2 protein chains.
Amino acid sequence: MIARTDIVEKVKLNEVVIAVIEQAFNDLVQKKVSMPPIMRIDVPENNGEVDIKSAYIEGDDSFAIKISSGFFDNPKLGMPSANGMMLLLSAETGIPKAVLADNGYLTDIRTAAAGAVAAKYLTKRDSKVAGIIGTGAQARLQLQALTLVRDIEKAYVYGRSPDKAQQYKREMEEQLGIPVEPVSEAAEAVRNSDVVVTTTPATKPIVEAASLHKGVHITAMGSDAEHKQELSADVLEAADLFVCDVKDQSTRLGELRAATSERVERDAIELGEITTGKERGRTKDDQITICDLTGIGVQDTAIARYTYHYLFKELENQKVD
Amino acid sequence: MIARTDIVEKVKLNEVVIAVIEQAFNDLVQKKVSMPPIMRIDVPENNGEVDIKSAYIEGDDSFAIKISSGFFDNPKLGMPSANGMMLLLSAETGIPKAVLADNGYLTDIRTAAAGAVAAKYLTKRDSKVAGIIGTGAQARLQLQALTLVRDIEKAYVYGRSPDKAQQYKREMEEQLGIPVEPVSEAAEAVRNSDVVVTTTPATKPIVEAASLHKGVHITAMGSDAEHKQELSADVLEAADLFVCDVKDQSTRLGELRAATSERVERDAIELGEITTGKERGRTKDDQITICDLTGIGVQDTAIARYTYHYLFKELENQKVD
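Residues numbered from 1 in each chain as written. Chains lettered and ligands numbered in written order. Predicted model: local features only at pLDDT ≥ 70, side-chain atom pairs only at ≥ 80, totals over all residues. Heavy atoms only, no water.

Colleague: Help me understand the packing of aromatic side chains, please; the structure alone is not making it clear to me.
Modeller: Aromatic ring pairs are described here by two measures, namely the spacing of the ring centres and the angle between the planes. Residue and element names in this part refer to chain A. For the structure on display, the rule yields four aromatic pairs over all chains. Both rings, one in Tyr56 and one in Phe63, keep their centres 5.9 Å apart while their planes meet at 75°; by these two values the pair is edge-to-face. Sitting over the face of the ring of Phe312, Lys10 holds its NZ or CZ atom 4.8 Å from the ring centroid. (Phe/Tyr/Trp six-rings, centres within 6.5 Å; stacked < 30°, edge-to-face > 60°. Lys NZ or Arg CZ within 6 Å of the ring centre and 35° of its normal.)

Take a look at the structure:
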């Protein structure tokens, strides 16, 4: 078992991790992948849910099974909502190689890395201003991810709690050395920015078409369940290009659920089709582009394999127990 | 993490475990249960598959997620095909409580215990002769399970390998103190027995209606995948009562797949309906009864909870990592 503290110390959001996640999207298109739909166990009495994701990529010698939970009454008990771990299994024998007791850290990193991949292919090359909706862990990581693929000079942040937005401003200005300005409406962050990332568990749209402008890109990474939605249907209609990680899953758990015309779903492109060059990403500076990230098993397998085989490879010859 | 050796030392197939598993079947009918379909990841290059099962039973303070693998080329490498572990999660916070690194042992025990529950409700009360098809680990445990609920005085065993059948005879005679007679055909074991358990990974039927006789009960626990089948369709037609653990799953992965008439599926009863008294099991000594066990998540949660909270309760206040 590899403890969270050791994982946090070694695994950082950087160019290598972004390349690892980009490769996972490539694999999804170029290789045979066994990636079953998300398994979900509900614990309604305690406002809890557990999701299990997995994917095996043809040719790999290992693959991950991720168990992640959200128990939304935990904060009342002074505990974080989210918990989780990844198991890495040998794809040669099925024998467990490692338990990565990362408690959601690797999910945070691979999710942010996917945001970077989306930004790399879908934002204007000279994007300078970022708008972040939400003030949590992903709001921090997604902004950092943007700075790794674009020369971001300024960020706007919108959160329901002004205190949290102020704290976000302080931390991110310190970390990234760019000005971060809290704004009082999500629309203001959208209007001011070249690239927007929505990182909320919203169940009603927080971005409307009225605040869109030519050239903007929006990555919506919050929605990953039937009841969640960050973008209104008119945003999907207004976009020149709608991209998602996996179409089936975006339709079931992501922003495609809200699509009001068949055209949006029919024209939707998967991110891996763009990273592999099968489809084109942004082709003109004035396009409006959207990327919906619901989170997929190949990302988990990719980050778990990277963590174990690359960063902790001295453990490879030890047995898991 | 609790190691297999410690689990094997403490968890035994006995009346308590049978009661625990019977309660799991009751819960499935009497309580709200969140039990998603089995998640499966295929690794075709290595003739491998991983199944994930889980179930949360309303009101319980924990539940299990089981990861079990079958890599059927492992024996060529001198390793067993099957591997697996169970995770026990808090149903209050989602936090992992324990990793039961049982390597399939608890699955073996809960599967045999389900066989005992089926036998208790479906065999003639004075069943004395058992017929076992197969000579592996379940063939051993299922015979032992029968002796815990019926006064079995003799057993017949059929296996494709005469050597393995001889070894089975020696071991089981020693363990149970009853005569065990290898036979050269599955049909012979069926014809001679009051209760039959099929424990094979057969992909073609090994029991035909021609070998059935009045009063016989057959538990088929081998089939748990789309390509497996132990009972021919005419066995299902000939039965007075067809019982299974979960109808959906038996139709997808078990013996109900082979049903050639709608009647069989329509009249099929779930084991929990019988254990709770909602439906009747065997009512007459001359009935022919069948029970198809594909294996379900509530069994895993029940055995994992019993193991951890009851047998290892001194660990409850320790953290998993």
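Colleague: In this structure, what is going on with the sheet that holds strand S15 (residues 289-292) of chain B? I would like to understand it.
Modeller: The strands that make up a sheet pair up through hydrogen bonds in the backbone, lying either parallel or antiparallel. Residue and element names in this part refer to chain B. Judged by pairing direction, the sheet is parallel, and its eight strands sit side by side in the order S10-S9-S8-S11-S12-S15-S13-S14 without closing on themselves. Every interior strand has two partners, whereas the edge strands, strand S10 (180-182) and strand S14 (269-270), have only one. This element, helix H3 (residues 105-122), spans strand S12 (217-220), strand S13 (241-244) and S15 of the sheet and lies at about 160° to S15. This element, helix H4 (residues 137-149), spans strand S8 (129-133), strand S9 (154-158), S10 and strand S11 (195-198) of the sheet and lies at about 165° to S8. (Pairing = 2+ DSSP bridges. Helix = DSSP H or I, 4+ residues; strand = E, 2+ residues; numbered from the N terminus. Contact = heavy atoms within 4.5 Å. Axes fitted to C-alpha atoms, helices over the stretch in contact; angles between N-to-C directions.)

Colleague: Just checking my understanding: could you explain the packing of H3 of chain B against helix H11 (residues 297-311) of chain B for this structure?
Modeller: Describing two packed helices takes the angle between their axes plus the distance from one axis to the other. Residue and element names in this part refer to chain B. Close contact between H3 and H11 brings their axes to 10 Å; oriented N to C, the two are set at 115°. Crossing hand, H3 versus H11: right-handed. Between H3, through Leu106, Thr107, Ile109, Arg110, Thr111 and Ala114, and H11, the contact on the second element is made entirely by Gln299, Asp300, Ile303 and Thr307. Split by residue class, the contact of H3 with H11 holds four nonpolar, four polar and two charged. (Left-handed = near helix turned anticlockwise from the far one by under 90°. Nonpolar A, V, L, I, M, F, W, Y, C, P; charged D, E, K, R; others polar.)

Colleague: I tried to follow the relation of the copies chain B and chain A on my own but got confused; where do I start?
Modeller: Put simply, the second copy of the chain is the first one after a rotation about an axis and a shift along it. Turning chain B through 180° and shifting it by 0.0 Å along the axis lays it on chain A, with an RMSD of 0.0 Å. As the rotation angle and translation indicate, the two copies are arranged about a two-fold axis. Measuring from the rotation axis to each C-alpha of chain B, the shortest distance belongs to Met39 of chain B, at 3.3 Å. Take the interface residues of chain B: 100% of them recur as interface residues in chain A, which is what a same-surface contact looks like. (Least-squares fit on C-alpha atoms with pLDDT ≥ 70 in both.)

Colleague: Hey, could you run me through a negative patch on the surface in this one?
Modeller: Together, Asp126, Asp240, Asp285 and Asp286 of chain A give the surface a local cluster of negative charge. With respect to the helices and strands, the residue Asp286 of chain A is situated in the loop between helix H10 (271-275) and strand S15 (289-292). (Patch = residues over 30% accessible without salt bridge, like charges linked within 9 Å, V, L, I, M, F, W, Y side chains within 5 Å. Areas by Shrake-Rupley, 256 points an atom, 1.4 Å probe, with all protein chains shown as cover. Salt bridge = Lys/Arg side-chain N within 4 Å of Asp/Glu carboxyl O. Lys, Arg positive; Asp, Glu negative; His and termini not counted. Charge placed at Lys NZ, Arg CZ, Asp CG, Glu CD.)

Colleague: Where do I start with the domain arrangement of chain A in this structure?
Modeller: Interfaces are often sized by the amount of accessible area the parts lose when they come together. Residue and element names in this part refer to chain A. Per the domain assignment, the segments making up chain A are domain 1 (2-106 + 298-315) and domain 2 (124-295). Taking the mean C-alpha position of each, domain 1 and domain 2 sit 23 Å from one another. If you look at the interface, domain 1 gives 16 residues, while domain 2 gives 20 residues. When domain 1 packs against domain 2, close to 1,400 Å² is buried across both sides, 64% of that on carbon and sulfur atoms. Per-residue buried area on domain 1 facing domain 2 is highest for Leu13, Phe25 and Val29; these three make up 37% of the total on that side. The tally of links between domain 1 and domain 2 comes to one salt bridge. A salt bridge links Arg40 to Glu226; the shortest N-O distance between them is 3.5 Å. Per-element tally for the side of domain 1 that touches domain 2: the top contributor is helix H2 (residues 15-30), with eight residues. (Domains from an automatic or database assignment. Buried area = accessible area lost by both parts, 1.4 Å probe.)

Colleague: Would you explain the sheet that holds strand S8 (residues 129-133) of chain A in this entry?
Modeller: All names here are of chain A. Reading across from one edge, S10-S9-S8-S11-S12-S15-S13-S14 is the order of the eight strands in this open sheet, with parallel pairing throughout. Taken across any chain shown, the strands that pair with only one partner, and hence form the sheet edges, are strand S10 (180-182) and strand S14 (269-270). Relative to S15, strand S12 (residues 217-220) runs parallel, the two being bridged by four bridges. Pairing of Ala220 across the sheet is with Asp292, part of S15. This element, helix H4 (residues 137-149), spans S8, strand S9 (154-158), S10 and strand S11 (195-198) of the sheet and lies at about 165° to S8. The sheet strands contacting helix H5 (residues 162-176) are S8, S9 and S10, and the helix crosses S10 at an angle near 175°.

Colleague: How do you make sense of the pairing of S15 of chain B when you look at a structure like this?
Modeller: Note on strand geometry: in a regular strand, side chains alternate between the two faces of the sheet. Residue and element names in this part refer to chain B. Here S15 shows two buried faces, one formed by Thr289 and Cys291 and the other by Ile290 and Asp292. As paired strands, S13 and S15 are joined by four bridges and run parallel to one another. Among the inter-strand pairings, Leu241 is bridged to a residue of S15, identified as Thr289. (Buried < 20%, exposed > 50% of the residue type's maximum accessible area, 1.4 Å probe, protein only.)

Colleague: Explanation requested: H3 of chain B in the structure shown.
Modeller: Every α-helical turn comprises 3.6 residues, leaving residues that sit three or four positions apart pointing alike. Counted at 1.5 Å a residue, the expected span for H3 of chain B with its 18 residues is 26 Å, and the 26 Å between its end C-alpha atoms agrees. Taking burial as the measure, the 18 residues of H3 of chain B include 15 buried ones, the bulk of the element. (Expected span 1.5 Å × (residues − 1).)

Colleague: Before we go on, may I ask you to explain the packing of H4 of chain A against H5 of chain A in this structure?
Modeller: All names here are of chain A. Their axes nearest at 11 Å, the elements H4 and H5 cross at an angle of 30°. Here H4 lies roughly parallel to H5, going by the angle between them. H4 and H5 meet at a crossing whose hand is right-handed. Residues Ala139, Arg140, Leu143, Gln144 and Thr147 of H4 pack against Gln167, Tyr168, Glu171, Met172, Gln175 and Leu176 of H5. Here the residues of the contact of H4 with H5 sort into five nonpolar, four polar and two charged. (Parallel < 35°, antiparallel > 145°, perpendicular 65-115°, else oblique.)

Colleague: Sorry if this is basic, but what is going on with the pattern of salt bridges here?
Modeller: Should their charged atoms come close, side chains of opposite charge can pair. Under the criterion given, the structure shown has 36 salt bridges over all chains. Of the charged contacts, one joins Lys228 of chain A and Asp224 of chain A as a salt bridge, the two residues approaching to 2.9 Å between their closest N and O atoms. With relative accessibility at 27%, the residue Asp224 of chain A sits in the partly exposed group. A salt bridge links Lys76 of chain B to Asp73 of chain B, with the shortest nitrogen-to-oxygen separation between them at 3.5 Å. Look at Asp73 of chain B and you get partly exposed, because its relative accessible area is 24%. Look at the salt bridges and you will find they share partners, linking Arg40, Asp42, Glu49 and Glu226 of chain A into a network.

Colleague: Help me understand the state of the cysteines in this model?
Modeller: Disulfide: a covalent bond connecting the sulfur atoms of a pair of cysteines. Applying the stated rule across the entire model yields zero disulfides over all chains. In this model Cys291 of chain A remains outside any disulfide bridge; the closest cysteine sulfur is found in Cys244 of chain A, 7.4 Å from its own. (Disulfide = S-S within 2.5 Å.)

Colleague: I keep staring at the interface of chain B and chain A and nothing clicks. Help me out?
Modeller: Taken together, the 41 residues of chain B in the interface contact 41 residues of chain A. Around 3,200 Å² of area is buried between chain B and chain A when both sides are counted, 73% of it from carbon and sulfur atoms. Applying the counting criterion to the chain B and chain A interface returns zero salt bridges. Run the count over chain B and chain A and you get 12 residue pairs in polar contact (both at pLDDT 80 or more). At the level of elements, strand S3 (39-43), strand S4 (48-57), strand S5 (62-71), strand S6 (82-90) and strand S7 (96-101) of chain B are the ones that each hand at least two residues to the side of chain B that touches chain A. (Polar contact = N/O pair within 3.5 Å; in protein donor to acceptor, adjacent residues only side chain to side chain.)

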